[in-house]
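# Notes for the structure review
One letter stands for each residue in the lines below.
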Amino acid sequence: MAERDQLRLRGLLPPAVETLENQLTRAFEQFRGKANHMERYLFLSNLRHTNTNLFYRMVLTSPEELMPIIYTPTVGNACVNYSHIYPFLHPEGSFDGLFISVEDLPHLDRILENYRNSLPDSELRPDIAVLTDGSRILGLGDLGVGGMGIPVGKLQLYVAAAGIDPRKTLPICLDFGTNNQKNLDDPLYLGLRRKRLDGDEFYNAVDTVLATLHKAFPKMLIQFEDFSSEHAFELLDRHRERYLSFNDDIQGTGAVILSGFINAVREVGIPAKQHRLLFFGAGSAAVGVAKQIMDYFVLEHGMTEDEAKRLFWLNDSKGLVTLDRGDKLAQHKVYFARDDNEGKQFKDLKETIEHVRPTALIGLSSQQGMFTPEVLQILTKINERPIVFPLSNPATQAECSFEQAMIHTKGKVLFASGTAFPRYKDEQGVEHVPGQGNNMYIFPGLGLGAILARPSRITDTIIYASAAALADSLTEDERKSHLLYPRIDRIREVSAVVAAAVCRQAVKENLATEPEILSILPVGETAEVGSPAWIQLVRHVQSRMWSPGYQSR
């Protein structure tokens, strides 16, 4: 009551003085009473704007329940309907982040000044921005400004999973037009009604935005998110040496799937060099995943780059990707294109599987149900324990469900999906937990580690270190339960380990610039897991993680 008097609130609130736990009980009662996931999404969006601490306490109390609402799969539906639900996402006076249109390019300094003026503290500076142009949202395609839901959701996971201060996160949507005719014809669409920039015009516009952001916030980490395949690789190559940045679709997805694959290899027991990986889908995410997994064979098993590359096959909409297929291959597909097919072309997935005889089938096609019962049964005939990763998001785009994989492999599958699937109860009543190769196991810890160590750039070996740390983070109980990923209720513990591994690798490569990290881990200190230096580093990371509570009001 003394606090109420100090804030002049006596009489303006009901008499009861509640704990955060009381409010948590009420919030879950309201949340669980909503009719569907979209209503729950809208409820949580309003709560995040009006009571940040309560919102994040909810997420950390029940992450398995809430993370599929604030991100995949529900966020996909929210993005599709963004222009129609926008007024109901925000209480009056609140906003999500920055919308920068091509028409705003001459006014970027003013936009950033408006952003600073909107902050609760004029001294605050963003630690991280998630940047999209809405051109390839999940498996849903070009959603234009509707893509803003992705940076917003991604940054909520940064806060919940890795404890990045929510006041220091900046979602950005670049509105450079849309090629989605449905958007252009929709009278409620909130973006520009024009076709997208392309070619040099597109890259020059992004260059201008990034240069202005870097000038204003030189220490800020930039995460590229959901850019179209034809732009994603070029943007990463163009800017990764210039700014502290990474692409989560290419590098984050690759790292989290690499981690699950490492644990699947350990579970199967087949020597790593005898694995054969078939990717169904050959876009930027698929190639990024393949290149990350290839590093495992090179760095951990002593293979040459060419030897490792021969373990990979890519299948796109036209069939097996080969150099002599007769069509012009997109540049990012050429690296893994096969030249040993002896002139034969394989147009059907089943034919390709029978030709390749893969130990692992990885789906990044955004084509629902392509891992049919027959496909799964063929894999099971080839392998005692088939590795099946249907990674397309959201669930409506997944190549198969966990239930389908369990049924048609007779429970033998080693499974990881990109979206959440329910648990499966077999005929004996045993409940099986699906692996979810969700990027949230990697990018929050990767981002936190980059913020704490401030490396001059994020290298492939830093990304690999994050994946290896995640793979090694399983507890003995989780390994006995045949899990490929940690249980989600340990997400903060896991993110701290991933962040510490990122810091350690940045120091090892002499890229870290943050004095605090260098005082804990001088150059040359190996900091093996379990050593005093490693324990001190993990504790330092944990001490820098924001937690929801009244102290941060």
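Residues numbered from 1 in each chain as written. Predicted model: local features only at pLDDT ≥ 70, side-chain atom pairs only at ≥ 80, totals over all residues. Heavy atoms only, no water.

The name given to the chain in an unreviewed UniProt entry is Malic enzyme, with the source organism recorded as Basidiobolus meristosporus CBS 931.73. As its UniProt record puts it under Sequence similarities (unreviewed entry), the chain is described as follows: "Belongs to the malic enzymes family." (UniProt positions renumbered as here; feature names shortened; annotations may be inferred.)

The subject of this paragraph is the side chain of Q505. If you trace the backbone, Q505 turns up in helix α23 (residues 491-508). Within the structure, the side chain of Q505 is placed 2.8 Å from the side chain of E509, a separation counted as a polar contact. (Helix = DSSP H or I, 4+ residues; strand = E, 2+ residues; numbered from the N terminus. Polar contact = N/O pair within 3.5 Å; in protein donor to acceptor, adjacent residues only side chain to side chain.)

Turning to the sheet that holds strand β14 (residues 435-436), a few remarks are in order. Judged by pairing direction, the sheet is mixed, and its seven strands sit side by side in the order β8-β7-β6-β9-β10-β11-β14 without closing on themselves. Both outer strands of the open sheet, β8 (319-320) and β14, are each paired with one neighbouring strand and no more. Note: strand β11 (residues 414-417) against β14, two bridges, orientation parallel. Along β14, the bridge assignment pairs S417 with Q436. Running at roughly 165° to strand β6 (residues 277-280), helix α17 (residues 349-356) makes contact with β6, β7 (312-316), β8 and β9 (360-363) of the sheet. (Pairing = 2+ DSSP bridges. Contact = heavy atoms within 4.5 Å. Axes fitted to C-alpha atoms, helices over the stretch in contact; angles between N-to-C directions.)

Backbone phi values are negative for most residues with the exception of glycine, while trans is the configuration of most peptide bonds. Across the junction of T72 and P73, the peptide omega takes the value 10°, indicating a cis bond. Here P73 shows up in the loop between α5 (63-70) and α6 (74-80). For the peptide bond that leads from N393 to P394, omega is -10°, which places it in the cis range. For P394, the location among the structural elements is in the loop between β10 (387-390) and α19 (402-408).

The next thing to look at is the packing of aromatic side chains. The description of an aromatic ring pair uses the distance of the two centres, along with the angle that the planes make with each other. All chains considered together, the criterion is met by 21 aromatic pairs. By way of ring pairs, the aromatic residues F261, F279, Y296, F297, F312, Y335 and F336 are connected into one cluster. Above the ring of F443, the side-chain terminus of K154 is found at 4.7 Å from the ring centroid. Above the face of the Y335 ring, K309 is positioned so that its terminal group lies 4.4 Å from the ring centre. (Phe/Tyr/Trp six-rings, centres within 6.5 Å; stacked < 30°, edge-to-face > 60°. Lys NZ or Arg CZ within 6 Å of the ring centre and 35° of its normal.)

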